[in-house]
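# Fold and geometry: a report
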Amino acid sequence: MTDLAPVYNTKTVCPCCDKEFPYGKVRSKMVRYTGQDTDLFPKYEGENPLFYDAVVCPICGFAYIGTSYELLNKNDFKAVREKITPKWSQRSFDGPRTVEQAIEAYKLVLLNCRARQAPASDLAKVCMRLAWMHRIRGDSVMDYKFLEFAFQYYQDAYMKERLPVGKLDEYTVMYMIGELGRRLGKYQDSIAWFSKLIAAGMSPAHKLKIPPNLLEMARDQSMLAKDAMKQENPEE
């Protein structure tokens, strides 16, 4: 019997141009999760399913993550047809992807998000994936750059959006702002956001809604941020 390839093509219909196209997916039984970074970057052995989260229509250029298009309306698709499609050079993203191809696909998702003026939570999600892709590639400069974008977008989401949005709740947003602040060297901001989350965890109105592991990570990362700030300013 021939071994199955980890990546296979499936078909979908573009919700923007109504044309059918193929795109690559990783067989679920071949996904081997090994853990995550403190900014919730999931790690895998072998074929990485993150390379395939960005779906790109080769015909009109509409690009999205997973089933996020289900939340869009006719004005969003109109914006794509007016701002993306006229400049689009048709090309396919089916089959196996390299990390460089995954980065290109996520950049197209980001371009689509900006064209349709997507909420900050969507932009943060895409920027995190771009940071992770560059981390896999070993490009610390671009990793840092996209973490900076995500740091600002998460703050905008917390201040301006009604959370939860899909699977993203206010507690995860607090944690992400704190952790990205720590990674970016913004230690005072980081400690403030971690403290906000930890305080919520002691409130009867919130504590049952916050996963215990998220609170544990917040405490651990807050201590790291405090230690880093002391090392940066030893006399304070």
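Everything that follows concerns the structure shown earlier in this document.
Residues numbered from 1 in each chain as written. Predicted model: local features only at pLDDT ≥ 70, side-chain atom pairs only at ≥ 80, totals over all residues. Heavy atoms only, no water.

### What about the environment of Leu4?
In this fold, Leu4 is placed in the segment before β1 (7-13). Along the backbone, Leu4 and Lys145 are 141 residues apart, and their C-alpha atoms lie at a distance of 38 Å. (Helix = DSSP H or I, 4+ residues; strand = E, 2+ residues; numbered from the N terminus.)

### Some details on the pairing of strand β2 (residues 20-26)
Pairing of β1 with β2, which is carried by 7 bridges, proceeds in the antiparallel orientation. Note that in β2 the partner of Val13 across the bridge is Glu20. Where β1 folds back on β2, the antiparallel hairpin that results is connected by 6 residues, among which Asp18 adopts a positive phi of roughly 65°. (Pairing = 2+ DSSP bridges.)

### Let's talk about the layout of surface pockets
Space inside the largest pocket adds up to approximately 1,400 Å³. If you go around the largest pocket, you meet 50 residues; those closest to its centre are Ile65, Ser68, Lys125, Arg129 and Lys167. Secondary structure elements with two or more residues in the lining of the largest pocket: β2, β4 (42-45), β6 (63-65), α2 (99-115), α3 (120-137), α5 (170-183) and α7 (212-232). For the lining of the largest pocket, the leading source of residues is α3, giving 7 residues. For the lining of the largest pocket, a count of residues per class yields 29 nonpolar, 11 polar and 10 charged. (1 Å grid on protein atoms, 1.4 Å probe; cavity = no way out; pocket = protein on both sides within 12 Å on 5 of 7 lines; lining within 4 Å. Points joined across faces, edges and corners; volume = space filled by probe spheres on them. Nonpolar A, V, L, I, M, F, W, Y, C, P; charged D, E, K, R; others polar.)

### So, α3
Helix length check: α3 (18 residues) gives 26 Å between terminal C-alpha atoms against 26 Å at 1.5 Å per residue, within 8%. Across the 18 residues that make up α3, a large majority, 14, are buried. Immediately downstream of α3, the backbone of Gly138 shows phi near 85°, a positive value. (Expected span 1.5 Å × (residues − 1). Buried < 20%, exposed > 50% of the residue type's maximum accessible area, 1.4 Å probe, protein only.)

### Comments concerning the nonpolar core
Counting 59 residues, the largest nonpolar core has Met128, Met133, Tyr154, Tyr175, Leu180 and Leu197 as the members making the most contacts within it. Of all elements in the fold, only β5 (54-56), β6, α2, α3, α4 (140-160), α5, α6 (187-200) and α7 reach the threshold of two or more residues within this core. Ranked by the residues each element gives to this core, the list is headed by α3, at 10 residues. Every residue in contact with Met133, bar those within four places of it in the chain, is listed here: Leu50, Phe51, Val99, Ala102, Ile103 and Tyr106. (Core = buried A, V, L, I, M, F, W, Y, C linked by side-chain atoms within 4.5 Å. Contact = heavy atoms within 4.5 Å.)

Just distances and angles here, no functional claims.
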